[in-house]
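The residues making up each chain are set out below.
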There are 2 protein chains.
Amino acid sequence: MNQIINKYVEQFNASLKETELTSVVDTQLEESMHYSLFANGKRIRPSLLLMTLSMLNTDIENGMETAKALEMIHTYSLIHDDLPAMDNDDFRRGIKTNHKVYGDATAILAGDALLTKAFELITKDNKLSAEDKVKLIRLLSESAGHHGMVGGQVLDMNSENKDITLDTLRKIHRYKTGALIRFAIIAACTIAKVDSKTFLLLDSFSQQLGLIFQIKDDLLDIEGDFDKTGKIASDETNNKSTYISLLGKANTKIALEQHVNQANYLLEQLQDKYNIEELKAITKLVANREN
Amino acid sequence: MNQIINKYVEQFNASLKETELTSVVDTQLEESMHYSLFANGKRIRPSLLLMTLSMLNTDIENGMETAKALEMIHTYSLIHDDLPAMDNDDFRRGIKTNHKVYGDATAILAGDALLTKAFELITKDNKLSAEDKVKLIRLLSESAGHHGMVGGQVLDMNSENKDITLDTLRKIHRYKTGALIRFAIIAACTIAKVDSKTFLLLDSFSQQLGLIFQIKDDLLDIEGDFDKTGKIASDETNNKSTYISLLGKANTKIALEQHVNQANYLLEQLQDKYNIEELKAITKLVANREN
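Reading the values: the criteria
Residues numbered from 1 in each chain as written. Chains lettered and ligands numbered in written order. Predicted model: local features only at pLDDT ≥ 70, side-chain atom pairs only at ≥ 80, totals over all residues. Heavy atoms only, no water. Least-squares fit on C-alpha atoms with pLDDT ≥ 70 in both. Contact = heavy atoms within 4.5 Å. Salt bridge = Lys/Arg side-chain N within 4 Å of Asp/Glu carboxyl O. Helix = DSSP H or I, 4+ residues; strand = E, 2+ residues; numbered from the N terminus. Buried < 20%, exposed > 50% of the residue type's maximum accessible area, 1.4 Å probe, protein only. UniProt positions renumbered as here; feature names shortened; annotations may be inferred. Core = buried A, V, L, I, M, F, W, Y, C linked by side-chain atoms within 4.5 Å. Axes fitted to C-alpha atoms, helices over the stretch in contact; angles between N-to-C directions. Parallel < 35°, antiparallel > 145°, perpendicular 65-115°, else oblique. Nonpolar A, V, L, I, M, F, W, Y, C, P; charged D, E, K, R; others polar.

Right, let's get into the relation of the copies chain A and chain B. With an RMSD of 0.1 Å, chain A superimposes on chain B once it is rotated by 180° and translated 0.0 Å along the axis. Taken together, the rotation and translation describe the operation of a two-fold axis. Among all residues of chain A, the one whose C-alpha sits closest to the rotation axis is Ala130 of chain A, at a distance of 2.7 Å. The fraction of interface residues of chain A whose copies in chain B are also interface residues reaches 100%, indicating that both copies meet through the same surface.

What follows is the structure, given as structure tokens:
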């Protein structure tokens, strides 16, 4: 994405490559899990976790296994999302989706195995106390399950072809994409054992960042296609409500700016104590990215 | 199933009904999770866990959340197994499968949510230490993931329409069905903090019980009728190797008897210390069941 996060991405990828993904069962399953784990992911979530730890003056290795767990859960959600029964996507990040390479059945099971592996990884972390592992597994399962990401996905599905309010749209995003972004930040807070004021500020910041991420996604969905190819954007084809369909493009851009300002304001409350420059920079990157 | 396990099933079902399955996301997802959790399951795995705890003179409430987690993982695996992309089953236990009621997309996500919820439940258990929770989550993720159940499912899939050896068939069963049955027993050993000799004996017993379970399944698949099993014989239709296709029916029945004898022999090593009658009885039940 950019130099600011590159150092985290590189360290993360190097460590993820070392993660054992074999078993005595000896099947193609692990190849399928590996395929999607290394399918050109931008690594935004694990980088956010490591970057926040670094800001909190904590060794980022203390968060490495949790960052891998987070990326595994994000990856499984993409594999299942792309299935014919869900979004039916043949390509993601320029390469074939998991089920187009390994078939639907293996893709379902590779997703299941990655989700399961995420929790296994945290239990095996040799840098964290049992208490911290339990806290992190609890936060991660709440963020990923029916209270969080999966709940948001169902709400999103049930909202297709319907007129929804801006409140409902915010709710979808808060859970569907926001929950794992929030986890990245509050997992770092948990590992670094921050005080409650810092926790609250960073938790609020993470929620702003989640909205920025999603609003920019909606803008990219119409700008990417419209400006370059003149094709109809996929959200419109799928009859999905977006910030643009609800607010209009100009107001969506204003909303994006407001959330960026709010995110920066929250970070600035911490600047006497911590170096907030990297988190400010990633906020800017997420808001201005081109893909 | 029978009086011996009924008291555990009743206590388990009563406790499971109290488990909160709602969220602020407010979707049909929880209804779908609930549907399969209460779809006439025989509760063999959680009952085994509770029964083993009872034998080990430990309050079964100490294993209740882990038993629920185990049943949630078993349930999610059935939901995903029944999908059109996998076994494409319309009925299970005499009622419609999850995807026939809620659609494929919701069924995939309900499975994902149940798998995730399993780990959340253990983290929230207020009777276990953090150390025990981490041990149990590690055992459960290893038993359920690519090292265990999911690995076995892929191996099973890859063996369809192929001639396989008895060794491969045993390997499939050891992981596909054996891993969760083993978990039921060794989770109880972990919670009861047994000595290593007891652990080894009960671990070996659990592996015999898993084989008994599967061999009987194969026999029921050719002998059983729909009224009792609630499913249509499918191994032959799916070109799956079974104990019967590899050994013949008579030898399969002999193998079943041998494993029952071995299971009883292992339990008898513990009879000076524990009351082994319930585990002996459930072994007999599993070997003689009609569905």
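The rest of the description comes next.
Side chains that carry opposite charge are capable of pairing whenever their charged atoms lie near each other. For the coordinates displayed, the defined rule picks out 38 salt bridges over all chains. Where Lys280 of chain A meets Glu268 of chain A, a salt bridge forms, and the shortest distance between an N and an O atom there is 3.1 Å. Here Lys280 of chain A is found in helix H15 (residues 277-288), whereas its partner Glu268 of chain A is found in helix H14 (residues 249-268), with 12 residues between them in sequence. Overall, Lys280 of chain A belongs to the partly exposed group, its relative accessible area being 25%. Between Asp132 of chain B and Lys135 of chain B there is a salt bridge, with the nearest N and O atoms lying 4.0 Å from each other. One end of the pair, Asp132 of chain B, and the other, Lys135 of chain B, are both in helix H7 (residues 130-144), 3 residues apart, so they sit about a helical turn from each other. Looking at Asp132 of chain B, the relative accessible area reads 6%, which means it is buried. When salt bridges with common partners are traced through the structure, they connect Glu20, Lys117, Glu120 and Lys124 of chain A together with Arg138 and Glu142 of chain B into a single cluster.

Right, let's get into the UniProt feature "coiled-coil region" (unreviewed entry) in chain A. Under the UniProt annotation, "coiled-coil region" (unreviewed entry) lies at residues 253-280 of chain A. In residues 253-280 of chain A, helix accounts for 71% and strand for 0%; the two terminal C-alpha atoms are 19 Å from one another.

Turning next to the nonpolar core. The biggest cluster of nonpolar side chains holds 180 residues, and the ones touching the most others in it are Ile73 and Leu202 of chain A together with Ile73 and Leu202 of chain B. Once residues within four sequence positions are removed from consideration, Leu202 of chain A is found in contact with Thr52, Met55, Leu56, Ile185, Cys189, Leu267, Leu270 and Leu279 of chain A.

What follows is about the packing of helix H1 (residues 3-18) of chain B against helix H4 (residues 64-82) of chain B. Residue and element names in this part refer to chain B. Two elements in contact, H1 and H4, have axes separated by 10 Å at closest approach and are oriented at 85°. On the basis of their axis angle, the class for H1 and H4 is roughly perpendicular. Residues Gln11, Phe12, Ser15 and Leu16 of H1 form the contact with H4, whose own contacting residues are Met64, Ala67, Lys68, Glu71 and Met72. Residues that form the contact of H1 with H4 fall into these classes: 5 nonpolar, 2 polar and 2 charged.

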